[in-house]
Amino acid sequence: MTELNKVNALVQYAAQIGDNGLIIGHRMSEWCFRAPSIEMEMALMNCALDLIGQARELYTYAGEAGGEGKKEDDFAYLRDEQDFRNLLLAEVPNGDWGDTIVRLFFMSAYNKLFFTELAKSTDAELAAIGAKSLKEVTYHLRFSSEWLIRLGDGTEESHRRAQKSIDDLWAYTGELFTMTDAENLLLEDGISVDVTALKADWDELVSQILDQATLSVPTNNWAQSGSKSDGRHTEYFGYIITDMQYLQRRYPGCEW
Amino acid sequence: MTKQTTEKEWPLWEVFIRSKAGLDHKHCGSVHASDAEIALESARDVYTRRSEGISIWVVPSNAITASKPEDKESLFEPADDKIYRHPTFYDIPKGAGKM
């Protein structure tokens, strides 16, 4: 493995934030033609397009920062499973509507705090991407919070299922606040965000909404990790990139 | 939320969008939603994707009282021959320019 320096750390960092957007954006896009109503379908597709748009900007920047002439498609379509460093939370399957809303809520609460800080990065490009993305994820947070409140404080069945979604996905939230070596290196220059410092605010934000939704915050804090640090994914990940990369692998260099 | 929604179908909401400051909100369509807040978000997601608006109103469709199509003749035709109600009989001074 090549030794970490400030250049490849920046590439890794930008790509890793992009991976989050691409993978959760892809998951959202899987709801296309399957959402409970046309309104919800549009809402999820809007979120998906925001997130994939963020990935495009970050991959483009990762390519520029690396100086090897890599383009956004190289990152999205020509890397293997272990090269992706998205959060596990982004890749777990959509499940039912409750699972999808809870995942989007957990991720958006994190994204809101994360992009608020990234907008203050000493790296001008990351700061600009952070500021633009912040507006998008603020809406995602609003949308998913309102839905979670209605599911939790809705019918007996919606409450039970929303609580199950929270309990099931909780184990993936610990990874949100872990730092990679690249992040620690870039933090010295104020480029990266110290995500460990976001945990308290995230807990506060989440418990506030769960409280309104009459749902409970799980007490088991055992956390699954491995993707962000080492590219060790869930069993579901391979299927995502098989689907996503099919065209580019089958017809290399294909453009449309 | 204190009141649980038990109806199977979400109620219908009419959506009004203001395209820019100074203009009126215009009716642009409707959405189904469980309540006003969700209706507002759905309206945003369905009707402002191409920068159509800067402000949204949603109104419960059942709050709108509408005239009946079959009353058209008695309601609107009497106005057809009252051309004097249009201010078209005045000579506009040249200096006033286009009105």
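Structure report, in brief. Since the structure is predicted, the reported quantities are computational estimates derived from the model, not experimental observations. (Residues numbered from 1 in each chain as written. Chains lettered and ligands numbered in written order. Predicted model: local features only at pLDDT ≥ 70, side-chain atom pairs only at ≥ 80, totals over all residues. Heavy atoms only, no water.)

**So, the overall build of chain B**
Logical step 1: Per the secondary structure count, chain B includes two helices and three strands.
Logical step 2: Start at the N end of chain B and walk to the C end: the helices and strands fall as β-β-α-β-α.
Logical step 3: On C-alpha atoms alone, chain B measures out to a radius of gyration of 21 Å, which is more than a quarter above the 13 Å that the 2.2 N^0.38 rule sets for 99 residues.
Logical step 4: Taking the principal axes of its C-alpha atoms as reference, chain B extends roughly 60 × 35 × 25 Å. (Helix = DSSP H or I, 4+ residues; strand = E, 2+ residues; numbered from the N terminus. Rg over C-alpha atoms; globule rule 2.2 N^0.38 Å.)

**Here we look at the interface of chain B and chain A**
Logical step 1: Residue-level contacts link 17 residues of chain B with 17 residues of chain A.
Logical step 2: Regarding the contact of chain B and chain A, the summed buried area is about 1700 Å², with carbon and sulfur atoms giving 52% of it.
Logical step 3: Here chain B and chain A share three salt bridges between them.
Logical step 4: A salt bridge links E41 of chain B to R142 of chain A; the nearest nitrogen and oxygen atoms lie 3.3 Å apart.
Logical step 5: Taken together, the links from chain B to chain A amount to eight residue pairs in polar contact (both at pLDDT 80 or more).
Logical step 6: Of all elements in the fold, only β2 (25-32) and α1 (36-47) of chain B reach the threshold of two or more residues within the side of chain B that touches chain A.
Logical step 7: In terms of residue count, α1 of chain B provides more of the side of chain B that touches chain A than any other element does, eight residues in total.
Logical step 8: Of the residues that constitute the side of chain B that touches chain A, the class distribution is six nonpolar, five polar and six charged. (Contact = heavy atoms within 4.5 Å. Buried area = accessible area lost by both parts, 1.4 Å probe. Salt bridge = Lys/Arg side-chain N within 4 Å of Asp/Glu carboxyl O. Polar contact = N/O pair within 3.5 Å; in protein donor to acceptor, adjacent residues only side chain to side chain. Nonpolar A, V, L, I, M, F, W, Y, C, P; charged D, E, K, R; others polar.)

**Thoughts on the packing of helix α1 (residues 6-29) of chain A against helix α2 (residues 38-66) of chain A**
In a pair of packed helices, the angle between the axes and the distance between the axes together describe the arrangement.
All names here are of chain A.
Logical step 1: Here α1 crosses α2 at 160°, and the two axes come no closer than 7 Å. Put simply, α1 runs roughly antiparallel to α2. Note that α1 runs across α2; the crossing there is left-handed.
Logical step 2: Across the contact of α1 with α2, the residue classes break down as 20 nonpolar, six polar and one charged. (Axes fitted to C-alpha atoms, helices over the stretch in contact; angles between N-to-C directions. Parallel < 35°, antiparallel > 145°, perpendicular 65-115°, else oblique. Left-handed = near helix turned anticlockwise from the far one by under 90°.)

**Re the packing of helix α5 (residues 97-118) of chain A against helix α7 (residues 156-169) of chain A**
Residues and elements named next belong to chain A.
Logical step 1: Remark: α5 packs on α7, axes separated minimally by 9 Å, with the N-to-C direction vectors making an angle of 50°. Comparing the axis directions of α5 and α7 gives the class oblique. Like other packed secondary-structure pairs, α5 and α7 cross with a definite hand, here right-handed. Note on element contacts: α7 touches α5 through A162, S165, I166 and L169, opposite G98, D99, V102, R103 and F106.

**Considerations on the pattern of salt bridges**
Residue and element names in this part refer to chain A.
Logical step 1: Applying the stated criterion to the full structure yields 21 salt bridges over all chains.
Logical step 2: Two residues, R249 and D80, come together in a salt bridge whose shortest N-O distance is 3.2 Å. In this pair, R249 is assigned in helix α11 (residues 237-250) and D80 in the loop between α3 (72-77) and α4 (88-91), connecting sequence segments 169 residues apart.
Logical step 3: Salt-bridge contacts for D168 lead to K164; the nearest nitrogen and oxygen are separated by 2.8 Å. With D168 and K164 both in helix α7, this residue pair falls four residues apart, about one helical turn.
Logical step 4: A relative accessible area of 40% means that D168 is categorised as partly exposed. (Buried < 20%, exposed > 50% of the residue type's maximum accessible area, 1.4 Å probe, protein only.)

**Details of helix α6 (residues 124-152) of chain A**
Residues and elements named next belong to chain A.
Logical step 1: The end-to-end C-alpha distance of α6 is 41 Å, a good match for the 42 Å that 29 residues give at a rise of 1.5 Å each.
Logical step 2: At L134, α6 shows its maximal bend, which comes to roughly 30°.
Logical step 3: Capping the start of α6, D123 holds a side-chain oxygen 3.1 Å from the backbone nitrogen of E125, two or three residues further along. (Expected span 1.5 Å × (residues − 1). Bend = angle between axes of the 7 residues up to and from the residue.)

**Here we look at the environment of L4 of chain A**
Residues and elements named next belong to chain A.
Logical step 1: Structurally, L4 can be placed in the segment before α1.
Logical step 2: Spatially, the C-alpha atom of L4 lies 22 Å from that of E72, the residues being 68 residues apart in sequence.
Logical step 3: Apart from the residues within four sequence positions on either side, L4 is in contact with A9, Q12, D181, A182 and L185.

**Quick notes on the side chain of E136 of chain A**
Residues and elements named next belong to chain A.
Logical step 1: By the secondary structure assignment, E136 is in helix α6.
Logical step 2: Here E136 falls in the buried class, since its relative accessible area comes to 16%.
Logical step 3: If we ignore the near neighbours within four places in the chain, the residues touching E136 are D50 and Q54.

**Some remarks on the packing of aromatic side chains**
All names here are of chain A.
Logical step 1: Here the structure, examined in full by the defined rule, presents 13 aromatic pairs over all chains.
Logical step 2: A centroid spacing of 5.4 Å and a plane angle of 65° characterise the contact between F177 and W202, whose relative ring orientation is edge-to-face. Here F177, found in the loop between α7 and α8 (181-187), pairs with W202, found in helix α9 (residues 199-212); they are 25 residues apart in sequence, far enough to count as distant. Both residues of the pair, F177 and W202, belong to the buried class.
Logical step 3: Aromatic rings pair up to connect F105, F106, Y110, F114, F115, W170, F177 and W202 into one cluster.
Logical step 4: Residue placement shows R79 over the ring face of F84; its charged tip is 4.2 Å from the ring centre. (Phe/Tyr/Trp six-rings, centres within 6.5 Å; stacked < 30°, edge-to-face > 60°. Lys NZ or Arg CZ within 6 Å of the ring centre and 35° of its normal.)

**With respect to unusual backbone geometry**
Logical step 1: The phi angle at F33 of chain A is positive, at roughly 70°, despite the residue not being glycine.
Logical step 2: Within the fold, F33 of chain A resides in the loop between α1 and α2.
Logical step 3: On the basis of relative accessible area, F33 of chain A is assigned to the exposed category, the value being 76%.
Logical step 4: Of note, the phi angle at S51 of chain B is positive, near 55°, even though the residue is not glycine.
Logical step 5: Take S51 of chain B: it is sitting in the loop between α1 and β3 (55-60).

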